Structure formats: structure tokens, C-alpha cells
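# Understanding the architecture of this molecule
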Amino acid sequence: MADLTPTPDRPGLHVTKPDPTTPATATAVCHCGATATATGDSQVKALVEGYTANHGPAHRKGGARR
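Below or above, wherever it landed, is the structure these notes cover. (Residues numbered from 1 in each chain as written. Predicted model: local features only at pLDDT ≥ 70, side-chain atom pairs only at ≥ 80, totals over all residues. Heavy atoms only, no water.)

### Overview of the overall build of the chain
A tally of helices and strands in the chain yields 1 helix and 3 strands. Considering the chain as a whole, with its 66 residues, one finds that 21% of them fall into the buried category. In the chain, the share of contacts with a sequence separation of at least 24, taken over all contacts with a separation of at least 6, comes to 17%. If you sum the accessible surface of the chain, you get close to 4,600 Å²; carbon and sulfur atoms cover 55% of it. (Helix = DSSP H or I, 4+ residues; strand = E, 2+ residues; numbered from the N terminus. Buried < 20%, exposed > 50% of the residue type's maximum accessible area, 1.4 Å probe, protein only. Contact = heavy atoms within 4.5 Å. Areas by Shrake-Rupley, 256 points an atom, 1.4 Å probe, with all protein chains shown as cover.)

### Structural notes on the pattern of salt bridges
When the charged atoms of two side chains with opposite charge come close together, those side chains can pair. Scanning all chains against the criterion turns up 2 salt bridges. Here Asp41 ties to Lys17 by a salt bridge, and the two come within 3.1 Å at their closest N and O atoms. Here Lys17 lies in the loop between β1 (12-16) and β2 (25-29) and Asp41 lies in helix α1 (residues 41-54), a separation of 24 residues in the sequence. Here Asp41 falls in the partly exposed class, since its relative accessible area comes to 42%. Where Glu49 meets Lys45, a salt bridge forms, and the shortest distance between an N and an O atom there is 3.6 Å. Separated by 4 residues within a single helix, Glu49 and Lys45 lie in helix α1, roughly one turn from each other. Judged by relative accessible area, Glu49 falls into the partly exposed class, the value being 46%. Since its relative accessible area comes to 54%, Lys45 is described here as exposed. (Salt bridge = Lys/Arg side-chain N within 4 Å of Asp/Glu carboxyl O.)

### A few points about the sheet that holds β1
Ordered by their spatial adjacency, 3 strands build an open sheet running β1-β2-β3, and the pairing between neighbours is antiparallel. Since the sheet does not close on itself, it has two edges, and those belong to β1 and β3 (35-39), each with one partner. Along the sheet, successive strands turn relative to each other by an average axial angle of 5°, direction set aside. In the sheet, β1 pairs with β2 via 5 bridges, with the strands oriented antiparallel. (Pairing = 2+ DSSP bridges. Axes fitted to C-alpha atoms, helices over the stretch in contact; angles between N-to-C directions.)

### Comments concerning the pairing of β3
Side-chain positions along a regular strand alternate between the two faces of the sheet. Pairing analysis gives 5 bridges linking β2 to β3, with the strands arranged antiparallel. From the neighbouring strand, Ala26 faces β3, where its bridge partner is Ala38. Between the antiparallel neighbours β2 and β3 lie 5 residues, among them Gly33 with a positive phi of about 105°.

Taken by themselves, the reported measurements are silent on function.
Here's what the structure looks like:
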């Protein structure tokens, strides 16, 4: 399986939750250089909401859409 962890060269958001009893984890890297990690379902939810509202889809490097 490919490594889906975002990097500065491959920005994005990666969330894992292997099973219902394991806490979710997330890693985010944006084109602007912002990075974040979270552990726990509520923290991951907040990270996803913040990333979606302020990074990734909210803005693109140089204003261009990918």
C-alpha cells in the first residue's frame, strides 16, 4: 500500500481509524506550509474542519486550482 501521509511536496489531509474502538488520527500539510496532527475523534474532527475551512480547498498555492 502507498504511503498516504501528506508532505510539503504532496500536501493534503490523511485520517485513519482502523476500527471503532481505536481513536482516529490525522495529519495535514498545506501548500502554505501549515502542518497539524491530531489524535482522538473530536480532535481529528476539529482538525478536518479547520483544514477544510482555512487550508487545502480554501486556498491553493499561487491561487491556481489543482
